[in-house]
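# Geometric and topological summary
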Amino acid sequence: YLADLPGGGLRAASTLPALLAAGGVDTSVDPVALHHYLSWHSVVPAPRTILTGVRKLPPATVLIVEPDGTRRQREYWNLPHERDADRAPEEWRDALLDALRVAVRRRMVSDVPVGVLLSGGLDSSLIVALLAEQGQSGLATFSIGFPDAGGREGNEFRFSDLVAREFGTDHHQIRVGIDELVEALPRAIAAMSEPMVSHDCVAFWLLSQAVSRERKVVQSGQGADEVLGGYYWYPPMLDAPGSGLDTYAAEFFDRDDAQLRELTGAAAPEDVSRAFAAEWFERAQAETPVDRALRIDTRVMLVDDPVKRVDNMTMAHGLEARTPFLDHELVELAARIPPGLKLADGGKGILKAAGRGIVPDAVIDREKGYFPVPALSHLEEPVLGMVRDALTSRAARDRGLFHRGVVDAMLADPNAHRTNLDGSTLWQLGLLELWLQTHAA
């Protein structure tokens, strides 16, 4: 994170709040960033942040500042674009499994025992299996669950328990009540370098708090969906016309530009989010619409959502999270795998094939799950009260980001307004205001 100071000075820090601590930084909301935030479930791509006075380096980039103040950036890594056309599906499967074995083994190196954040999905279950296969001693696994709400189940313990039994881990079920969730929410928001609307931020904060009492290093399955095609918006890209941008926008964006302007008059005057995505989709060296979607998700969305989320929430408790699926050699291999193999079998087909015989079939064949925190996807008291207080506060009125009548209508019927990805629009607005009141007051 970078902030230009009066007189030509430059302030740099690994977290945004650190830049603000010394003052002198413009904390008004960047209208372009607000458009991005409301388009991509809180993602604001580099070089912008939600605040006008703070910028950030793009991923895999070094900033060089010369003694005379001249600045230049150098990118030191990018995705490969060549593809090995003559490999059979079985060869790709074996190569992927070998790369994952290497990635997991690299992340076993530690002065202390390494645990696993086990959701019960394929990604974290494979990590557990490969750690067990490679003789990780005292393998501890950790899963978290929340109360059900609005007909939504708050845990996936039946799958994580299955994996823990299969591999004989020292398993920890962490059950969080609504009071603990509400108590942790402000502290999770305080740990966010940027506003993160994802429901599982507070889950990771609570999970990390509990895990840090037992382990100081864990492996986690983040990144597999973006790298290997696990999300539901990828299959429509197989038959997408043209560059695929129209299909990607319809499937992935929270809302289109017209719907966004029903919420706010403070965003950029043009459809900057579609223009940003269009520029990525028009770049060379991505052969198909699927490749283009995976490229922007890996290089942009992954960095500013799940990677940052896990890093912020674990490091808030001094817990180091290691992500084998983001090993650069594995990611480079995945970029060369044909799209049809990635998207087979409902998504991540190549990874499911690699996992057969290694993890239980029930984990591979289950419906895809997401880290469930029902109290944030279906707003009820007391979380609803926190959101209401934030959005009706004097600070929110003075900021004027959102149309007052729209906010009032949402508060009157808090769960009727959903994003394109079935997130809570009210939580999206409320989280931004809660973050601004915490960090940019």
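Reference entry: report on the structure contained in this document.

Procedures and definitions
Residues numbered from 1 in each chain as written. Predicted model: local features only at pLDDT ≥ 70, side-chain atom pairs only at ≥ 80, totals over all residues. Heavy atoms only, no water. Pairing = 2+ DSSP bridges. Helix = DSSP H or I, 4+ residues; strand = E, 2+ residues; numbered from the N terminus. Core = buried A, V, L, I, M, F, W, Y, C linked by side-chain atoms within 4.5 Å. Buried < 20%, exposed > 50% of the residue type's maximum accessible area, 1.4 Å probe, protein only. Contact = heavy atoms within 4.5 Å. Axes fitted to C-alpha atoms, helices over the stretch in contact; angles between N-to-C directions.

Below, the discussion takes up the pairing of strand S4 (residues 71–75). When strand S3 (residues 61–65) meets S4, the two strands line up antiparallel, connected through five bridges. Following the sheet pairing, leucine 63 is matched in S4 by glutamine 73.

Note that the residue after alanine 46, namely proline 47, is joined by a cis bond; omega there is 15°. For proline 47, the position within the fold is in the loop between helix H2 (31–39) and S3. Omega for the peptide link from glutamate 381 to proline 382 comes to 5°, which places this bond in the cis form. With respect to the element layout, proline 382 can be found in the loop between helix H18 (374–377) and helix H19 (383–391). Here the phi dihedral of histidine 41 falls at roughly 40°; this positive angle occurs in a residue that is not glycine. If you trace the backbone, histidine 41 turns up in the loop between H2 and S3. Within the chain, aspartate 345 stands out as a residue other than glycine whose phi angle is a positive 60°. By the secondary structure assignment, aspartate 345 is in the loop between helix H15 (339–343) and helix H16 (349–355).

Formed by 72 residues in total, the largest nonpolar core has its most connected members in Leu51, Val202, Leu206 and Trp427. With residues near it in sequence (within four places) discarded, leucine 206 still touches Ile144, Phe146, Val176, Glu180, Leu181 and Ala184. One finds Leu96, Leu126, Val163 and Phe325 within the second-largest nonpolar core, a separate group that totals 38 residues.

By the secondary structure assignment, glutamine 285 is in the loop between helix H11 (272–281) and helix H12 (289–301). Along the primary structure glutamine 285 and histidine 81 are separated by 204 residues, whereas in three dimensions their C-alpha atoms are 5.4 Å apart. Not counting residues within four places of it along the chain, the set of residues in contact with glutamine 285 comprises His81 and Arg295.

Here we have five strands laid out as an open sheet, ordered S7-S6-S5-S8-S9, and parallel in their pairing. The outermost strands of the open sheet, each flanked by one partner alone, are strand S7 (170–175) and strand S9 (320–322). Across the sheet, the mean angle separating the axes of adjacent strands is 30° when strand polarity is ignored. As paired elements, strand S8 (residues 217–219) and S9 share three bridges and run parallel to each other. By the bridge assignment for S9, valine 218 is matched with alanine 321. This element, helix H4 (residues 122–133), spans strand S5 (114–117), strand S6 (140–145) and S8 of the sheet and lies at about 155° to S5. Across the face of the sheet, helix H5 (residues 157–167) comes into contact with S6 and S7 while running at roughly 165° to S7.

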